[in-house]
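One-letter residues, chain by chain:
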Amino acid sequence: MQRSKLTMYIFVALVLGVIAGYIYNATVINNINTKISAAEANIKSIDGQILLIKDSTTANYKALKAERTTQVKLRKESDTAREDKLVGFTVLSDIFLRLIKMIVAPLVFTTLVVGVAKVGDIKAVGRIGGKTLLWFLSATLISLLLGMILVNFFEPGKAMHLPLPDSNLTTDIKKSALSLRDFIGHVFPKSFTEAMANNEILQIVVFSLFFGVATAAIGEKGEVVIKALDAISHVILKITGYVMQLAPLAVFGAITAIIAKQGLGILSTYAIFIGEFYFSLVILWMVIIFAGFVVLKKRAFNLVSNIKDAMLIAFSTSTSEAAYPKVLLELERFGCNNKIVSFVLPLGYSFNLDGSMMYMTFASLFLAQSYNIHLSFEQQITMLLILMITSKGIAGVPRASLVVIAGTMSLFNIPEAGLALLIGIDPLLDMGRSATNVLGNAMATAVVSKWEGELKH
């Protein structure tokens, strides 16, 4: 499928998905959503009544507890029924994402080993890695800082006026611990096959670096390994072309499921927050493109045009991983040397998630504003630095941004229950984050290629 046609098909699928989702929500899902809302309202009312009762041995207290259990069960049953009704749409995106994940791990391994082996000199690997990490750390800091500045400027949480919740009310999101042990566990593999099976990109990168350097070090004997892996990588890229044919169907399924589940009403409820966050992402895009323009000149705009399909795929499926094989292909077509692409891009997917970084400061301070909790400038800078550190070991963690935010909020006495404000709209926000992550990683790879003199005209 030609690139221009693929873009058109994906865009058409996006529009059709919104229409189909709206219709399906109005005709099928709305009744279930009404039951879920009623159950949640009853649970909230019962929680308020329970808090007023001092003696937990009274009959009234036990009756309220029993009623709460019934309402929780009703909500759970309705949730399950809603998911069952949506399975016909979600299966389309699930198939695509499974096929993409099937490709990503072997693609990262084969291309990175070949890239490192071709670089050959371990000093050259260190030099390229140093330039790459310098860009990544700068981009991370700018993204977090921009999120902090813009959320203070827009103040989207001021309109919420939420009372502080009871300390016992929590969410089901596991917090990200500030643990060096956990971070090391995400970086260094104990088993290469386990890392491949779990798609632990950072662990695959570490093993591939060792494998690539060792292959180059054994000289002529390593040539056969390099040629074999190079051939395998081209086979996987060919498979990528086949899988991408399914992208429009995946986009249609993913968008239909999101709109059908949440309804267009979710957009109006959180219109201010969603609008200001996406406006902030546009500003971040401009910053990323300007930074690329400084190095690449007018070719930075050509790169954005080349990766628009990949960004659309990431946007529609809410995962930048789905766009990885497409980005790799487009960067090589753009003129980046495959040894640089295969080295920088996998690292970017672990260390350079610009959209996610901005979201972390933006969302954390939004919740503080919603509860009218004032954080001083020094506290906000401390939060920024904590997020910068804790976000580096969570590549591949489901709902990673929410996990990190949950772990950071308690340090600043922001109620964890506030995450409930974000859970409902997180899929909509994740779409923009994922597309931004793709743009940031593609631009970083092109810039490092230019710095190394490995960018063809």
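Being a predicted model, the structure only gives us computed values, none of them experimental.

Caption draft 1: Examining the confidence of the model for the protein more closely. Here the protein averages 84 in pLDDT, while 90% of its residues score no lower than 70. The element-level mean pLDDT for the protein is lowest in helix α9 (residues 265–269), coming to 66, with helix α11 (residues 299–306) highest at 95.

Caption draft 2: Broad picture of a nonpolar patch on the surface. Together, Met8, Tyr9, Phe11, Val12, Val15, Leu16, Val18, Ile19, Tyr22, Ile23 and Leu264 make up an exposed nonpolar region whose accessible area comes to about 970 Å². Inspection of the secondary structure puts Val12 in helix α1 (residues 3–52).

Caption draft 3: Inspection of the pattern of salt bridges at higher detail. Under the defined criterion, the tally for this structure stands at 9 salt bridges. Among the ionic pairs, Glu83 bridges to Lys261, the shortest N-O distance being 2.9 Å. With Glu83 in helix α2 (residues 59–119) and Lys261 in helix α8 (residues 247–262), this pair connects stretches of sequence that are 178 residues apart. Using a relative accessible area of 36% as the deciding quantity, one classes Glu83 as partly exposed. Two residues, Lys326 and Glu330, come together in a salt bridge whose shortest N-O distance is 3.5 Å. Taken together, the residues Lys326 and Glu330, both in helix α13 (residues 324–334) and 4 residues apart, mark about one turn of the helix. Each member of the pair, Lys326 as well as Glu330, is classed as buried. Here the residues in one salt-bridge network are Arg127, Lys131 and Glu452, joined through shared partners.

Caption draft 4: Expanded view of the environment of Asn413. Summarising the element assignment, Asn413 is placed in the loop between α17 (400–409) and α18 (420–423). By relative accessible area, which is 66% here, Asn413 ends up exposed. In the structure, Asn413 is positioned 40 residues away from Ile373 in sequence and 8.6 Å away in space, judged by C-alpha atoms.

Caption draft 5: Quick look at the environment of Val438. If you trace the backbone, Val438 turns up in helix α19 (residues 426–451). A relative accessible area of 1% means that Val438 is categorised as buried. In the structure, Val438 is positioned 115 residues away from Ala323 in sequence and 7.4 Å away in space, judged by C-alpha atoms. Setting aside residues up to four positions removed in sequence, Val438 forms contacts with Ile307, Ala310, Met311, Ala314, Ser320, Ala323, Val327 and Tyr349.

Caption draft 6: Examining the nonpolar core more closely. By size, the foremost hydrophobic cluster in this structure holds 123 residues, and its most contacted members are Phe96, Val327 and Leu422. In terms of residue count, α2 provides more of this core than any other element does, 14 residues in total. Core analysis: the second largest hydrophobic core is formed by 6 residues, Ile29, Phe89, Ala257 and Ala260 among them.

Caption draft 7: The arrangement of the packing of helix α12 (residues 308–317) against α19 in detail. Two numbers describe how α12 lies on α19: the axes approach to 7 Å, and their chain directions differ by 150 degrees. The angle between α12 and α19 falls in the class roughly antiparallel. Two packed elements cross with a definite hand, and for α12 against α19 that hand is right-handed. For the pair α12 and α19, contact is made by Ala310, Met311, Ala314 and Phe315 and by Met431, Gly432, Ser434, Ala435, Val438 and Leu439, respectively. Its residues placed into classes, the contact of α12 with α19 shows 8 nonpolar, 2 polar and no charged.

Caption draft 8: Spotlight on the packing of aromatic side chains. One pass over the structure, following the stated rule, counts 17 aromatic pairs. Judged by centre distance (5.3 Å) and plane angle (70 degrees), the ring pair of Phe153 and Phe154 falls under edge-to-face. A relative accessible area of 62% places Phe153 in the exposed class. With a centroid separation of 6.0 Å and 80 degrees between ring planes, the pair formed by Phe277 and Tyr278 is classed as edge-to-face. Looking at Tyr278, the relative accessible area reads 23%, which means it is partly exposed. Three or more aromatic residues link up through ring pairs in this structure, and these residues are Phe273, Phe277, Tyr278, Tyr359, Phe362 and Phe366. The positively charged end of Arg299 is found above the aromatic ring belonging to Phe334, 4.3 Å away from the centroid. The ring of Tyr359 has Arg433 lying over it, and the distance from NZ or CZ to the ring centre is 4.1 Å.

What counts and how
Residues numbered from 1 in each chain as written. Predicted model: local features only at pLDDT ≥ 70, side-chain atom pairs only at ≥ 80, totals over all residues. Heavy atoms only, no water. pLDDT = per-residue confidence, 0-100. Helix = DSSP H or I, 4+ residues; strand = E, 2+ residues; numbered from the N terminus. Patch = residues over 30% accessible without salt bridge, like charges linked within 9 Å, V, L, I, M, F, W, Y side chains within 5 Å. Areas by Shrake-Rupley, 256 points an atom, 1.4 Å probe, with all protein chains shown as cover. Salt bridge = Lys/Arg side-chain N within 4 Å of Asp/Glu carboxyl O. Buried < 20%, exposed > 50% of the residue type's maximum accessible area, 1.4 Å probe, protein only. Contact = heavy atoms within 4.5 Å. Core = buried A, V, L, I, M, F, W, Y, C linked by side-chain atoms within 4.5 Å. Axes fitted to C-alpha atoms, helices over the stretch in contact; angles between N-to-C directions. Parallel < 35°, antiparallel > 145°, perpendicular 65-115°, else oblique. Left-handed = near helix turned anticlockwise from the far one by under 90°. Nonpolar A, V, L, I, M, F, W, Y, C, P; charged D, E, K, R; others polar. Phe/Tyr/Trp six-rings, centres within 6.5 Å; stacked < 30°, edge-to-face > 60°. Lys NZ or Arg CZ within 6 Å of the ring centre and 35° of its normal.

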